[in-house]
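Structural features, examined
Single-letter residue listing:
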Amino acid sequence: MAVLLRLTCVCYPLRSSMQSAARMAMNPRSNKSSGSISCLSTSTSAGTTQASTQIDNRKLPVLLFDIMSTVVRDPFYEDVPAFFGMSMEELIECKDPNAWIEFEKGWINENVEHSISFCTLAFGVSMKLRSNNSIDLPGLFSVELGRKFFKDGRPFDLEGLKNCMRSGYSYLEGVEELLYGLRQNNYEMHAFTNYPNWYQMIEDKLKISRYLSWTFCSCKNGKRKPDHGFYLDALQHLKVDPSNCIFIDDSKTNVNAAIALGIIGLHFKDAKTLLEDLSLMGIQISTDEEGKEICYTSYDAVGW
């Protein structure tokens, strides 16, 4: 289905509270004498020059997007309780409070083999299956999601739950158009999300990678927001100062954690508000010089 998109770059005066942060975000060299911690590390003067050139040529700021309830509708709050024939309150009462968190961190998976593999990677444990069965396979990190989701260990249709989740994934209103406009202006964008390896189901359905990279998922990193270590890992990977990153999330707690580390945080409410906030910070959204209407076809319509 063709979608008409009009995204104009709004040139409002910057809010006084955002002016300094916006100036730092759009000028990576403005912080060199400010005492900000740099995530770049070079061992020689030649390496320093090369890294500086790369930063000069890199379009900043880098945008980090939460996914669930920021880019994609989260089916957990309506679809999943209905799948189990419960109210949300009943589901919260029945489910194990730690199972989904551990699933998002990659500590448990849908099968034993993957869980053991992550345990080996995350903790540096040499786990060799020997004929004497000296390794305790039913241990903590080999618990399957299906056996731990509910407190009482009751069985349920795991594939049915996955299908329920998959059916509920959709772009939030106006967000795909906003991502499209940012991508057309060559902004570097990454997912920064708490989610298990089921993020691949989101990708398979919505093809979010057309706009941003699934770089920072808790299931790969083993950490979750608002853990400061997760944010610091992202900064180290990106090799940018915190002030050159804008983080967007529907959770105020997660946004505040980013701000505490010097990252520019925006609390997501809806696409229109986010467009206004980004425009106030000087982020270019319009996809052509004259601000004309842009017509493009969605992925699902033509199978890009």
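From a predicted model like this one, the values you see are computed outputs, not experimental measurements.

Quick notes on the confidence of the model for the protein chain
Taken over all residues, the pLDDT of the protein chain has a mean of 76, while the share at 70 or more is 64%. Note that pLDDT drops below 50 for residues 1-55; the model gives that stretch 85 contacts with residues more than four away or on any other chain.

Let's talk about the pattern of salt bridges
According to the stated counting rule, one finds twelve salt bridges in the structure shown. Of the charged contacts, one joins Asp66 and Lys225 as a salt bridge, the two residues approaching to 2.9 Å between their closest N and O atoms. Linking Asp66 in the loop between β2 (62-65) and α3 (79-84) with Lys225 in the loop between α11 (218-221) and α12 (228-238), this pair joins segments that are 159 residues apart in sequence. You can call Lys225 buried: its relative accessible area is 3%. For the salt bridge of Glu104 with Arg224, the shortest nitrogen-to-oxygen distance reads 2.7 Å. Residue Glu104 is found in helix α5 (residues 99-105), and its partner Arg224 is found in the loop between α11 and α12; the two are separated by 120 residues along the sequence. A relative accessible area of 5% means that Glu104 is categorised as buried. Here the residues in one salt-bridge network are Asp66, Lys225 and Asp249, joined through shared partners.

Some thoughts on the pairing of strand β4 (residues 213-217)
The buried fraction of β4 amounts to four of the five residues, a majority that puts the element mostly inside the structure. Here strand β3 (residues 189-193) runs beside β4; their pairing, made up of three bridges, is parallel. Pairing of Thr193 across the sheet is with Cys217, part of β4.

Here we look at the side chain of Glu176
With respect to the element layout, Glu176 can be found in helix α9 (residues 175-184). Only 2.7 Å separates the side chain of Glu176 from the side chain of Tyr211, close enough to count as a polar contact.

Cut-offs applied
- Residues numbered from 1 in each chain as written.
- Predicted model: local features only at pLDDT ≥ 70, side-chain atom pairs only at ≥ 80, totals over all residues.
- Heavy atoms only, no water.
- pLDDT = per-residue confidence, 0-100.
- Contact = heavy atoms within 4.5 Å.
- Salt bridge = Lys/Arg side-chain N within 4 Å of Asp/Glu carboxyl O.
- Helix = DSSP H or I, 4+ residues; strand = E, 2+ residues; numbered from the N terminus.
- Buried < 20%, exposed > 50% of the residue type's maximum accessible area, 1.4 Å probe, protein only.
- Pairing = 2+ DSSP bridges.
- Polar contact = N/O pair within 3.5 Å; in protein donor to acceptor, adjacent residues only side chain to side chain.

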